[in-house]
Amino acid sequence: MKNSACCAIVLSLCVFVTVEARASEFFVATNGNDKNPGTLAKPFVTLQRAQQAGRKQRAEEKDPKSVTVHVREGTYYLPEPLVFTGEDSGSKVAPVVYQAYGKERPVISGGMPLRNLKWQPYKDGIMKAEVPAGFTTDQLFVNGTLQILARYPNFDSRARIFHGCAADAISPERAAKWQDPTGGFIHTLHGNGWGGMHYRITGNKADNNVTYEGGWQNNRPSGMNKDARFVENIFEELDSPGEWFLDTKKNLLYFYPPAGLDLAKDTIETVRLRNLVEFRGTEQSPVRFLSLKGLNFRHAARTFMDTKEPVLRSDWAIYRGGAVLFNGAEDCVLDNCMLDQLGGNAVFVNNYNRRITVRGCHITRAGGNGVALIGDPNACYNGIPWDKGNDLDKIDRTAGPKTSNYPGDCVVEDCLIHDIGQVEKQTAGVTMDMAQGITIRHCSIYDMPRAGINIGDGCWGGHLIEFCDVFDTVKETGDHGSFNSWGRDRYWNLRGLDLNDDKAWEANKELVTADAYKATVIRNSRWRCDNGWDIDLDDGSTNYHIYNNLCLHGGLKNREGFGRVVENNILFGGFHPHVWYKHGGEIVRHNIMSDEEYHPAGDIPAPWGKEVDNNLVHRAGLTAPEPATKLASQSKRDAHSLVADAMFVDAANGDFRVAENSPALKLGFVNFPMDQFGVQMPALKALARTPEMPAAVKSAAPSQPPPAPPSEIWQARVRDIAGLGDRSVYGLPDETGVLVMDVPAASPAATAGLQKDDVIISCNDQPVRTVSDLEIHRAAAAGKKLSITLIRKQKQITLSI
């Protein structure tokens, strides 16, 4: 009797729990109905209806249970963004989850299908169809594939920049063919190759010079790049299979279908939303414990013309939006999702957010960034643009953030991110700015126009980058790396402060970590950049610990900054110190390098850094170690560094651990894992590419020719610009020009206003690539004034001499 009663009680509890679990589940299917109860047999048809049901249930429960919304196979075309607020929150023990049902892969779309179009021949293989009045779209998909907006030059998948560009893209001769280019777009690189810029064509003058607006997408303004440019959305350029054009005045859609399509049967989709899903809370009432799992996100509008907010201390401008937008959320997760062919940013984590996780996602072919985590400039002390500078007597010395309005303690892990920046070129696989404690772990990131991972300033550090595989980056731009960072913090270019002065340093040294007040760690990752540096710490990047990294081609660059420890790395492409501070405290030790010389640029006070020693230069086949005399002669340190065969275990197959008898071990080098880079999720790992290994394990340093001997012009010492290092140090558009090394007082050069470290790039509107060019232009204008264009502190000015 007692046992029977116990069994009855247990059975009752099981039934109760089962009923509660079922009550917490809702189902959505494309063949459902919002009047249904939302069960598996009778599902809802919209996500918004499931959201209402979940809210209602949790509001009615004293002790709210978990809510799971199962989304069935199919495409869900959102008429407006799905917005989660604090009302939708779960809890740690009872989260809210929107997930794919079973192994199905539903699509959340910011677009709409075009059905029942009546296609008619137009001419030359081009078809046309009427669309509803007022219809607009900036993208056209056919059977899931993005088509090409009519452009010049035509799309070429083999072309390195913009899939094709031409210097005559907006020439009067070209524009003469266009009846009305209004609404067309000009896409171009920054004049120095530092990202991209975009313009909307507003008209065409009588002389066929187009008028336009835009170019605000870069925080380092410049003119258009004279060669890297193309135009799109111009009717007369519709001349190649796959191209399309929408005439909004006549409500006609034109399309040149590639061979094999049947427009009567094909699925044609367009876009209408920028943000598909928004987590819209506040610090006081955040969206909490809500996850999206196993969903595909597609069809978001391009946002490049709204990428116009300058990011405080970086080269970037941003648009604060994305297909998935987190804005005021805590403990929310984007898990095992695919974000594909989205016009702008895929994921944007904006201002106050804590513990957001992006995990196991495949992010590809986004027009903007893969994942962006950007805080509020008002959270920074002395938060004025870096190029405006600060005054020492006005600086606030309080360390850390001013407010909590920034992303903190967020994680991007086990993600495959590639082919990012399809439209915008100042983009990255993962970028962060005005954020703290961001972890990027086990991500494979490649095929990027600029950096794979970017940190835009020192505010506020505490980041961890580990076990990542980042390569094939900086493919369309220049002067950058697979990893890039800027500092430009409060101390940088501070008026009234010379940090190389001993007394000034002692009185103000706490300022250098006032923003970067927590260390950023980069470790156990593999990097390769064939058009820059593998790791590029630029412009004041401060408080970094970089260890256990495998750099396969471009080496590691440390431009001026403080408190950088570079140890136990393998550096093919060598080490690149640029314009170090006297009190920078640099530590460079226990590294294996491919190059027998460092690659310095700019002034570096000797002896270099705080500790530069016990490094090994790898020379395959060397039978006995030798002193690294070239390193020592440069650094005035490296007393114990050696040239020797590092004895890599299996370099050809990517195993750069060293053998037990390697001389590197005696110098303090410690082996680290070579089989843990990049994504680990089996499904993503099967898709991910890996980088090319260094050929024959030889030096792979970016071209850095030795500087030419100095010459003298106008009693000033000058020399030719030499290589990528000089380009980076002086902020040049390319690797040419004439560097002014010294300007004696009362010399003609000084009278004209030339200064040390000026770089002359043109004379009388003629390019100056070398000292010889300058001499020729000077001789040609004997007795007349010369107009000299130069770069000074990365800004262009003009002088007469």
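In the block above lies the structure referred to throughout.
One structure accompanies this document, and this report is about it.

### Here's the deal with the packing of aromatic side chains
Point 1. Using the criterion set out here, one finds 29 aromatic pairs in the structure.
Point 2. Summarising the aromatic geometry, the rings of Phe483 and Tyr544 are spaced 6.3 Å apart at their centres and angled 70 degrees between planes, so their arrangement reads as edge-to-face. With Phe483 in strand S45 (residues 481–485) and Tyr544 in strand S49 (residues 544–547), the pair connects residues that are 61 residues apart, well separated along the chain. There is no split in this pair, since Phe483 and Tyr544 are both buried.
Point 3. For the ring pair Tyr491 and Tyr581, a centre distance of 6.3 Å and an interplane angle of 65 degrees mean the geometry is edge-to-face. Placement of the pair is Tyr491 in the loop between S45 and helix H4 (502–508) and Tyr581 in the loop between strand S54 (575–577) and strand S55 (587–589), with a sequence separation of 90 residues. Take Tyr491 and Tyr581: they sit in the same class, and that class is buried.

### With respect to the pairing of strand S65 (residues 738–742)
Point 1. One ladder, built from 4 bridges, connects strand S64 (residues 716–720) with S65; its direction is antiparallel. Bridge assignment links Arg717 to a residue of S65, and that residue is Asp742.
Point 2. Taken together, the 2 bridges between S65 and strand S66 (residues 759–763) define a ladder with antiparallel strand orientation. Among the inter-strand pairings, Val738 is bridged to a residue of S66, identified as Ile760.

### Observations concerning the nonpolar core
Point 1. Membership of the largest hydrophobic core comes to 89 residues, with the highest contact counts inside it found for Phe279, Leu292, Phe297, Phe326, Leu334, Leu339 and Phe483.
Point 2. Once residues lying within four places of it in the same chain are set aside, the contact partners of Phe297 are Ile108, Leu276, Val277, Leu292, Val324, Leu334, Cys337, Met338, Leu339, Asp340 and Leu342.

### Observations concerning the pattern of salt bridges
Point 1. The full count for this structure, using the stated rule, is 54 salt bridges.
Point 2. With a shortest N-O distance of 3.3 Å, Lys509 and Glu506 are connected by a salt bridge.
Point 3. For Lys509, a relative accessible area of 38% corresponds to the partly exposed category.

### Focus: the state of the cysteines
Point 1. Considering all chains together, one arrives at 0 disulfides under this definition.
Point 2. With no disulfide of its own, Cys529 lies 11 Å from the sulfur of Cys551, the closest cysteine sulfur.

### A few points about the sheet that holds strand S15 (residues 196–204)
Point 1. Here we have 5 strands laid out as an open sheet, ordered S13-S17-S14-S15-S16, and antiparallel in their pairing. Both edges of this open sheet fall to strand S13 (151–152) and strand S16 (210–214), since each of them pairs with a single strand only.
Point 2. Relative to strand S17 (residues 224–232), strand S14 (residues 185–190) runs antiparallel, the two sharing 5 bridges. Directly across from His190, in S17, lies its bridge partner Met224.

### Re the sheet that holds strand S36 (residues 407–408)
Sheet strands pair by backbone hydrogen bonding; their relative direction is either parallel or antiparallel.
Point 1. Strands sit in the order S22-S28-S32-S36 across an open sheet of 4 strands; the sheet is parallel. Each edge of the sheet is formed by a strand with only one pairing partner; in this case those strands are strand S22 (287–288) and S36.
Point 2. As defined by bridge partners, strand S32 (residues 353–354) adjoins S36 across 2 bridges and the pair is classed as parallel. For Arg354, the partnering residue across the bridge sits in S36 and is Gly408.

### Details of the side chain of Asp655
Point 1. With respect to the element layout, Asp655 can be found in strand S62 (residues 655–658).
Point 2. Taking the relative accessible area as the measure of exposure, Asp655 reaches 15% and is therefore buried.
Point 3. Within polar-contact distance, the side chain of Asp655 engages the side chain of Arg657 at 2.7 Å.
Point 4. Not counting residues up to four positions away in its chain, the partners in contact with Asp655 are Phe648, Val649, Asp650 and Met674.

What counts, and at which threshold
- Residues numbered from 1 in each chain as written.
- Predicted model: local features only at pLDDT ≥ 70, side-chain atom pairs only at ≥ 80, totals over all residues.
- Heavy atoms only, no water.
- Phe/Tyr/Trp six-rings, centres within 6.5 Å; stacked < 30°, edge-to-face > 60°.
- Helix = DSSP H or I, 4+ residues; strand = E, 2+ residues; numbered from the N terminus.
- Buried < 20%, exposed > 50% of the residue type's maximum accessible area, 1.4 Å probe, protein only.
- Pairing = 2+ DSSP bridges.
- Core = buried A, V, L, I, M, F, W, Y, C linked by side-chain atoms within 4.5 Å.
- Contact = heavy atoms within 4.5 Å.
- Salt bridge = Lys/Arg side-chain N within 4 Å of Asp/Glu carboxyl O.
- Disulfide = S-S within 2.5 Å.
- Polar contact = N/O pair within 3.5 Å; in protein donor to acceptor, adjacent residues only side chain to side chain.

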